[in-house]
Amino acid sequence: MENVMFMEKTLDVRGMEPRLRHPKIFETFRALAPGESFVLINDHEPRPLLYQFQAEHDGEFEWWPLEQGPVDWRVSIGKRKVRDLDRTITDYMQTDHRRLDALYGAFQEKYKQGDWAGADALFREFSLGLRRHIKVEEEILFPVFEEKTGMKDAGPTFVMRMEHGEIKELLDGILAGIGRKDEAGVKNSEYNLANILADHNMKEEHILYPESDAFIAGRERADVIKKSQAA
């Protein structure tokens, strides 16, 4: 699917010889202006490529999976406006929030126009991204935060986990509604999801992420971000 939101360039390496793929990908990345990105299409999970980016372009790139198999893998690879070797957790997670917000807005426009195929494609991309975001928090960030702060059963991560359950249920409901072309059902569910996410993201951005940066720093913070990119 063409990424209609960001008008990203597309680099499809599925028909290229394996030995030529990485050089072409890095050539494409180097040609980007700061703030630009492209969508890579591959026929296998590009995890070794990510590790090479982390080794050679640390703090300089964005990596956002859009589709994860089983036939095709797509990932948005961007050049950050400013290289930052000490990137904060707040910046990384907020950047993903903004990306997902934009995707959600594009999905809403498609289904309001009655373009169910376009709405389905955008929502699947959004859902994959949001579920990945939740996985990053629950499996990578939250355990480190809880270990550092001692807050678990009554802390912010406890509340976030409960809300994650509600969010996942709404994601399932919207996807099912799109499949049925249930305009009223999708409208109700997408409205509820938008409200929950607005409040949920605000709490994370004003409490959880800044507190995480206060307790997690240096190499440990860099490791959290690298593990998050690979999730």
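Quick note: structure is the one above.
Since this is a predicted model, take the numbers as computed values, not measurements.

### Observations regarding the pairing of strand E2 (residues 37–42)
So, step 1. Counting buried positions over the six residues of E2 gives six, a clear majority of the element.
So, step 2. Burial of E2 is two-sided: the residues Ser 37, Val 39 and Ile 41 facing one way and the residues Phe 38, Leu 40 and Asn 42 facing the other way are all buried.
So, step 3. When strand E1 (residues 9–12) meets E2, the two strands line up parallel, connected through four bridges. Paired with Asp 12 across the two strands is Ile 41, which belongs to E2.
So, step 4. For E2 and strand E4 (residues 73–79), the ladder comprises six bridges, and the chain directions are antiparallel. Across the sheet, the residue bridging to Leu 40 is Val 75, located in E4.

### Focus on the packing of aromatic side chains
So, step 1. Tallying each qualifying case throughout the model produces 11 aromatic pairs.
So, step 2. Both rings, one in Tyr 111 and one in Trp 116, keep their centres 6.5 Å apart while their planes meet at 45°; by these two values the pair is tilted.
So, step 3. On the basis of relative accessible area, Tyr 111 is assigned to the buried category, the value being 4%.
So, step 4. The exposure class of Trp 116 is buried, given its relative accessible area of 15%.
So, step 5. Among the aromatic residues, ring-to-ring pairing joins Tyr 104, Phe 107, Tyr 111, Trp 116, Phe 123 and Phe 126 into one connected group.
So, step 6. Across from the ring centre of Phe 29, 5.3 Å away, lies the NZ or CZ of Lys 79, which sits over that ring.

### Observations regarding the packing of helix H3 (residues 89–112) against helix H6 (residues 183–215)
So, step 1. At a closest axis distance of 10 Å, the pairing of H3 and H6 adopts a crossing angle of 170°. For the element pair H3 / H6, the angle class is roughly antiparallel.
So, step 2. Considering only residue class, the contact of H3 with H6 consists of 10 nonpolar, six polar and eight charged.

Conventions and cut-offs
- Residues numbered from 1 in each chain as written.
- Predicted model: local features only at pLDDT ≥ 70, side-chain atom pairs only at ≥ 80, totals over all residues.
- Heavy atoms only, no water.
- Buried < 20%, exposed > 50% of the residue type's maximum accessible area, 1.4 Å probe, protein only.
- Helix = DSSP H or I, 4+ residues; strand = E, 2+ residues; numbered from the N terminus.
- Pairing = 2+ DSSP bridges.
- Phe/Tyr/Trp six-rings, centres within 6.5 Å; stacked < 30°, edge-to-face > 60°.
- Lys NZ or Arg CZ within 6 Å of the ring centre and 35° of its normal.
- Axes fitted to C-alpha atoms, helices over the stretch in contact; angles between N-to-C directions.
- Parallel < 35°, antiparallel > 145°, perpendicular 65-115°, else oblique.
- Nonpolar A, V, L, I, M, F, W, Y, C, P; charged D, E, K, R; others polar.

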